[in-house]
Every structure is written in structure tokens, then in C-alpha cells.
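Each chain, letter by letter, is given below.
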Amino acid sequence: MTIDRNKNNIRPYILADTNWRHLQDASFEIAVLPWGATEAHNYHLPYSTDVIEGTAIAEQSANIAWNKGAKVIVLPTIPFGVNTGQSDIYLDMNLNPSTQFAMLKDILTVLNRHNIKRFLLLNSHGGNNWKSILRELGLLFPEMFLCVVDWVDIVDRYEYFDEPGNHADEMETSLMLHLAPNLVLEKKEWGDGVEKKNKIAAFNEGWVWTERPWSQVSKDTGVGNPIKSTKEKGKRFLTGICNQLGHLIIEISKADIKNLYE
């Protein structure tokens, strides 16, 4: 994948790369905000896994969109998420949903003030639940188009992995073997990611929900066996996600947001 960089290695669609010399005359159609978490990922993956994944997906997708004419800017990844069910797991960092609301309100206030009216939140952590927050913020910013995507749902995981789970599994381990192999412990250190199920059947059937106390669900903090992970699977999966998301960014940036339905 070609990355559009100038001679100073500054990507103009990445806010953290850019500078006032460039931005004083710039304008953007859409802002993308990756939002991750800092938490344990089985024994073998770093606490920054969700941040690394979300950042890479946002940046590579924006690169695709930028090279096809979309005026997109990627904001710095938020590294903390909702981990209320993991309070006993050492240094799993938690932001309450009310804190996330306050942070996102301030971020949208800046974007709205600078006339960036389209906003995509790229969610990179299962504990973050954004729909109700965006509903409320939508009333506060009626001129803005707000949307959220969970990158894990962009493509069908079963087309890429033999045993996808949902945390530090074959999918995430494959991604990290591709994105940051220096941060992945050798295979003998990997836990098997066995998940204990709720004794009440309805919770496993999916039509009723309760928060899982994570340390009671998994001995290694993983959910899903990573044993069949490879960097090749991770690269292929990442490419599939970014192609889809890049196209979405283009569509949103060019759409008439006041006339979206037919």
C-alpha cells in the first residue's frame, strides 16, 4: 500500500504529523477519531493493542481516501476506554461513559467551530458503547454528521481466520504479528483464551446482557485461542478492512449530508 508522504515524511492527513505552516491554509471535509483502550490482552499482547490497531486502521484507510481526493484528517487516538468490568486487573485503565461523553463533546466543539461538519469515530475497543452518546451529541451539534464504526465488524472475520474469538484471539494476534511483532511474546507464552460461559443460558443466547467480570470469564484475559495466528493473516485482514473503510470515508466526505435518503 502506497503511503502519500512529502519529502519531510509528513502525512498531511494525520493531525499529529502536520504543522501550522500547512494547517493555516488547510480545510478538511471529515475528521476521523480512533478510540481504543489500555488493557491486558492475554499474556502475550501489549496493553496498547487496541491503540496500535485503531491507529493503523485509521491511518491506512485515510491514506486510501486521501489519495482519491477525500479531504480527511485523522485525529490522535484516544488510548483509554471503558473497562468497568476489569477493575481488578492490574493497570487496566478505565474511562467511564460519562467521561467519554465530556471528552467527545469538547472535541466536536472544536471541529464544529472550525467548520469540519463530518465526523467518524473509529471504535477499537469492545467496552466502548457509542450509540447513546452520539444520539445525545447529535442534538447538541445539529449541523454535524456523526457516525461510528467498529472496525472489527467491517469485514467477515470467518473469511480470514479459522477460530476468531473476540479478545487477544487469532484475529488480534495476527494483526499484532503484522503491525508490531516486536511487542508480541513468543508462542510458548500464549494463553489458550478459554472463555467461561454464564450458567444462565439466556445470556449466552444473546437476548439479555450483563457486564462480565473479566477475571471470572478468562484466566489469561483472552477470549479466543490465538494458536493459529500468522502475520500473513493479519496483513490480509488489515488490507480488507482498510479498503472498505477508505471507501466509506470517501463516500461520507463527498455526500450531501442533508440529502442522504432516497
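A brief look at the structure comes next. Remember, it's a predicted structure, so these values are computed and weren't measured experimentally.

Conventions and cut-offs
- Residues numbered from 1 in each chain as written.
- Predicted model: local features only at pLDDT ≥ 70, side-chain atom pairs only at ≥ 80, totals over all residues.
- Heavy atoms only, no water.
- Helix = DSSP H or I, 4+ residues; strand = E, 2+ residues; numbered from the N terminus.
- Rg over C-alpha atoms; globule rule 2.2 N^0.38 Å.
- Buried < 20%, exposed > 50% of the residue type's maximum accessible area, 1.4 Å probe, protein only.
- Phe/Tyr/Trp six-rings, centres within 6.5 Å; stacked < 30°, edge-to-face > 60°.
- Salt bridge = Lys/Arg side-chain N within 4 Å of Asp/Glu carboxyl O.
- Pairing = 2+ DSSP bridges.

Looking at the overall build of the protein
Right, on to step 1. When helices and strands are counted, the protein shows eight helices and four strands.
Right, on to step 2. Order of helices (α) and strands (β) in the protein, N terminus to C terminus: α-β-α-β-α-β-α-β-α-α-α-α.
Right, on to step 3. Against the 2.2 N^0.38 benchmark of 18 Å for 262 residues, the protein shows a C-alpha radius of gyration of 19 Å, consistent with a compact globule.
Right, on to step 4. Evaluated residue by residue, the protein yields a buried proportion of 47% over its 262 residues.

Remarks on the packing of aromatic side chains
Right, on to step 1. Considering all chains together, one arrives at six aromatic pairs under this definition.
Right, on to step 2. Ring geometry for Tyr 160 against Phe 237: centres 5.3 Å apart, planes inclined by 65°, an arrangement best described as edge-to-face. Within this pair, whereas Tyr 160 is found in the loop between strand 4 (145-150) and helix 5 (170-179), its partner Phe 237 is found in helix 8 (residues 231-254), the two being separated by 77 residues in sequence.
Right, on to step 3. Taken together, the ring pairs connect Trp 151, Tyr 160, Phe 161 and Phe 237 into an aromatic cluster.

Focus on unusual backbone geometry
Most peptide bonds take the trans form, and the phi angle of most residues other than glycine is negative.
Right, on to step 1. In this structure, Asn 42 takes a positive phi of about 55° despite not being glycine.
Right, on to step 2. Counting through the fold element by element, Asn 42 comes out in the loop between strand 1 (30-35) and helix 2 (49-67).
Right, on to step 3. Despite not being glycine, Thr 221 has its phi angle at roughly 75°, a positive value.
Right, on to step 4. In this structure, Thr 221 sits in the loop between helix 7 (214-217) and helix 8.

Digging into the pattern of salt bridges
Right, on to step 1. Tallied over the full model, the rule gives 10 salt bridges.
Right, on to step 2. For Glu 163, the salt bridge identified is with Lys 228, shortest N-O distance 3.3 Å. Remark: Lys 228 occurs in the loop between helix 7 and helix 8 and Glu 163 occurs in the loop between strand 4 and helix 5; sequence separation between them is 65 residues.
Right, on to step 3. A residue is classified by how much of its surface remains accessible, and Glu 163, at 33% relative accessible area, is partly exposed.
Right, on to step 4. Looking at Lys 228, the relative accessible area reads 39%, which means it is partly exposed.
Right, on to step 5. The shortest N-O distance in the salt bridge between Lys 233 and Glu 170 comes to 2.8 Å. With Lys 233 in helix 8 and Glu 170 in helix 5, this residue pair connects regions lying 63 residues apart in the sequence. Grouping residues by exposure puts Lys 233 and Glu 170 together as buried.
Right, on to step 6. Through salt bridges with shared partners, a single network forms among Arg 11, Asp 17 and Glu 59.

Section: the pairing of strand 1
Right, on to step 1. Counting buried residues along strand 1, six of its six residues qualify, which places the element largely inside the surrounding structure.
Right, on to step 2. Because side chains alternate across strand 1, one face comprises the buried residues Ile 30, Val 32 and Pro 34, and the other comprises Ala 31, Leu 33 and Trp 35, equally buried.
Right, on to step 3. Both strand 1 and strand 2 (residues 72-74) contribute to a ladder of three bridges, which runs parallel. Paired with Val 32 across the strands is Val 74, a residue of strand 2.

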